[in-house]
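# Chain and residue survey
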Amino acid sequence: MPNDQALANFCAFFNKLDNTCTEKLYEVYTEEVVFNDPLHHIEGRSALERYFATMYENVERCQFTYHTQQQVVNQAFVTWTMEFVHPRLAQGKLIRVAGCSALTFAEDGRVSKHCDYFDAGAMLYEHLPVMGRVIRWLKRRIR
């Protein structure tokens, strides 16, 4: 069973992740990893590497602040705030998104299942020129 260090290693890895180190995913993820977030479903570490490489390709900065962390046997849950800068979103200004990750660890301490939960609108859609205005207007109307 993974020890408490497995979750700490996972969190530390994401604060070092960028488009130059995605090939080091083998340190954190199993070969058969299943990854889900509000925008994607990915199976396999090589597909996940391509996803992260593409996602981080134009990101100028990405940092996670971790909050609540819980681990029971091979299951873990961590809440976070991600801050990132992308030149094509929000006119290149800092974007903050709150979220959480549910993780399942394999016997060797690497992640075999990773599911992220976050508001895709707050991360992406609200920062697109036309769609962003519509989504912000809808959110104001709903409140």
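Here, the structure is the one placed above.
Here's what I pulled together on the structure shown here.

So, how was this worked out
- Residues numbered from 1 in each chain as written.
- Predicted model: local features only at pLDDT ≥ 70, side-chain atom pairs only at ≥ 80, totals over all residues.
- Heavy atoms only, no water.
- Pairing = 2+ DSSP bridges.
- Helix = DSSP H or I, 4+ residues; strand = E, 2+ residues; numbered from the N terminus.
- Axes fitted to C-alpha atoms, helices over the stretch in contact; angles between N-to-C directions.
- Contact = heavy atoms within 4.5 Å.
- Salt bridge = Lys/Arg side-chain N within 4 Å of Asp/Glu carboxyl O.
- Buried < 20%, exposed > 50% of the residue type's maximum accessible area, 1.4 Å probe, protein only.
- Arc of directions from axis to C-beta.

### A word on the sheet that holds strand 2 (residues 40-43)
Across the sheet, which stays open at both edges, the six strands sit in the order 2-1-6-5-4-3 with mixed pairing between neighbours. Looking at which strands have only one partner, the edges of the open sheet turn out to be strand 2 and strand 3 (61-72). With direction set aside, neighbouring strand axes in the sheet form an average angle of 20°. Strand direction decides the pairing type here: strand 1 (residues 29-37) and strand 6 (residues 111-118), joined by four bridges, are parallel. Bridge pairing in strand 6 links Phe35 to His114. In this fold helix 2 (residues 45-56) packs onto strand 1, strand 2 and strand 3, with an angle of close to 50° to the strand it touches most, strand 1.

### Structural notes on unusual backbone geometry
One can expect most non-glycine residues to show negative phi and most peptide bonds to be in trans. Unlike most non-glycine residues, Val73 shows phi in positive territory, near 55°. Among the structural elements, Val73 can be located in the loop between strand 3 and strand 4 (75-85).

### Topic: the pattern of salt bridges
Within the structure shown, the criterion is met by four salt bridges. Glu31 is the salt-bridge partner of Arg45, the closest N and O atoms lying 2.5 Å from each other. Of the two residues, Arg45 is situated in helix 2 and Glu31 in strand 1; the sequence distance between them amounts to 14 residues. The partly exposed category is assigned to Glu31, whose relative accessible area is 42%.

### Some words on helix 1 (residues 5-14)
If you check which residues of helix 1 are buried, you get Ala6, Leu7, Phe10, Cys11, Phe13 and Phe14. Angular distribution of buried residues about the axis of helix 1 spans 160°; they occupy a single face of the element. In this structure, the buried side of helix 1 is in contact with strand 1, helix 2, strand 3, strand 4, strand 5 (95-105) and strand 6.

### Thoughts on the pairing of strand 3
Of the strand pairs in this sheet, strand 3 and strand 4 are connected by ten bridges, and their pairing is antiparallel. Bridging from a neighbouring strand, Thr65 pairs with Thr81 of strand 4. Count of turn residues in the strand 3/strand 4 antiparallel hairpin: two residues, of which Val73 carries a positive phi of about 55°.

### Remarks on the environment of Gln5
For Gln5, the location among the structural elements is in helix 1. Distance in space between the C-alpha atoms of Gln5 and Gly109 is 8.4 Å, their sequence separation being 104 residues.

Honestly, that's just the spatial picture; any functional story needs more than this.
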